[in-house]
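Below are the chains, spelled out letter by letter.
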Amino acid sequence: MSLVEPIPTQPAVPWQPFGPLTRADLARMPDDGHRYELIDGVLLVTPAPAIRHQIIASNLNDILKRACPAELLVLFAPVDVVLATDTVLQPDLVVAAREDFGEHDLPVAPLLAVEVLSPSTRRFDLMVKFSRLEAAGCQAYWVVDPDTPSLIAWELQDGAFVQVAKVTGDEAAHLTSPYDVTVVPADLIS
């Protein structure tokens, strides 16, 4: 009997190129329940969201779908939003013209991107995604904070996001971009 334990074999690790990653590299990532995004060629991996996060996103999805005009489409994550060959985001919700969607992704900036804040992504959503979507020409960006609950909405004006609503609890946000819809943060958490 050997006193040395054999080293268990490990599954092959996918080849990781040196330097910035691209959209093609992202397509080779495993389907393992994690969210894979690229910012300027840097891979960001986050775990699947919590149930509370998903309840809020689902409720907001329902509100957006009920008000959505026929020529637009509301989609729930994961949907790749390709802003550049080295920048691919997956907002929690996106709204875009039906004709803008490709078979596998949205190859242009959405009309609306929505994020439900999580402790692990809060700063990323409020800073990096905000600036990338703004620079790409996304018409509206909303964030929902489940802890408050609150909603902040920005709209693109002269190339920059301008805050158009900030509501908490039972306050209603009457929003017009990309279409008329009313959102009450407290209604999203039940």
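This structure is a prediction, so every number in the text was calculated from the model and none was measured.

Another aspect to go through is the pairing of strand β4 (residues 81-84). Successive side chains on a regular strand alternate, one facing one side of the sheet and the next facing the other. Where β4 and strand β5 (residues 87-89) come together, 3 bridges link them in antiparallel fashion. If you follow valine 81 over to β5, its bridge partner there is leucine 89. Once β4 ends, the chain turns through 2 residues before running back antiparallel as β5.

It is worth spelling out the pattern of salt bridges at this point. Enumeration over the complete set of coordinates arrives at 10 salt bridges. The salt bridge partner of lysine 129 is glutamate 37, with a shortest N-O separation of 2.8 Å. Here the residue lysine 129 occupies a position in helix α3 (residues 122-136), and glutamate 37 occupies one in strand β1 (residues 35-39), the gap between them amounting to 92 residues. A salt bridge links lysine 129 to aspartate 125, with the nearest nitrogen and oxygen atoms 3.9 Å apart. Taken as a pair, lysine 129 and aspartate 125 lie in helix α3 at a separation of 4 residues, close to a single helical turn. Through salt bridges with shared partners, a single ionic network connects Glu37, Glu115, Asp125 and Lys129.

What follows deals with the sheet that holds strand β10 (residues 160-168). Strand order in the open sheet made by the 6 strands is β3-β6-β7-β8-β9-β10, with mixed pairing throughout. Unpaired on one side and paired on the other, β3 (72-76) and β10 mark the two borders of the sheet. Averaged over all pairs of adjacent strands, the angle between strand axes in this sheet comes to 15 degrees, irrespective of strand direction. With 5 bridges joining them, strand β7 (residues 112-116) and strand β8 (residues 140-145) adopt parallel strand pairing. From the neighbouring strand, glutamate 115 faces β8, where its bridge partner is valine 143.

Conventions we followed
Residue positions within a chain follow its written sequence, with the count starting from 1. Local features in a predicted model are, by the rule used here, given only for residues with pLDDT of at least 70; side-chain atom pairs are given and counted only at 80 or more, and totals for whole chains, interfaces and linings are based on all residues. As a rule here, side-chain values cover all heavy atoms of the structure and leave hydrogens and water aside. Being paired, for any two strands, means DSSP has found at least two bridges between them. Secondary structure elements follow DSSP: runs of H or I no shorter than four residues count as helices, runs of E no shorter than two count as strands, and numbering proceeds from the N terminus. In the sections that follow, a salt bridge refers to a side-chain nitrogen of Lys or Arg positioned within 4 Å of a carboxyl oxygen of Asp or Glu. All axes are obtained by fitting lines to C-alpha atoms, using only the stretch in contact for helices, and the reported angles, taken between N-to-C directions, cover 0 to 180 degrees.

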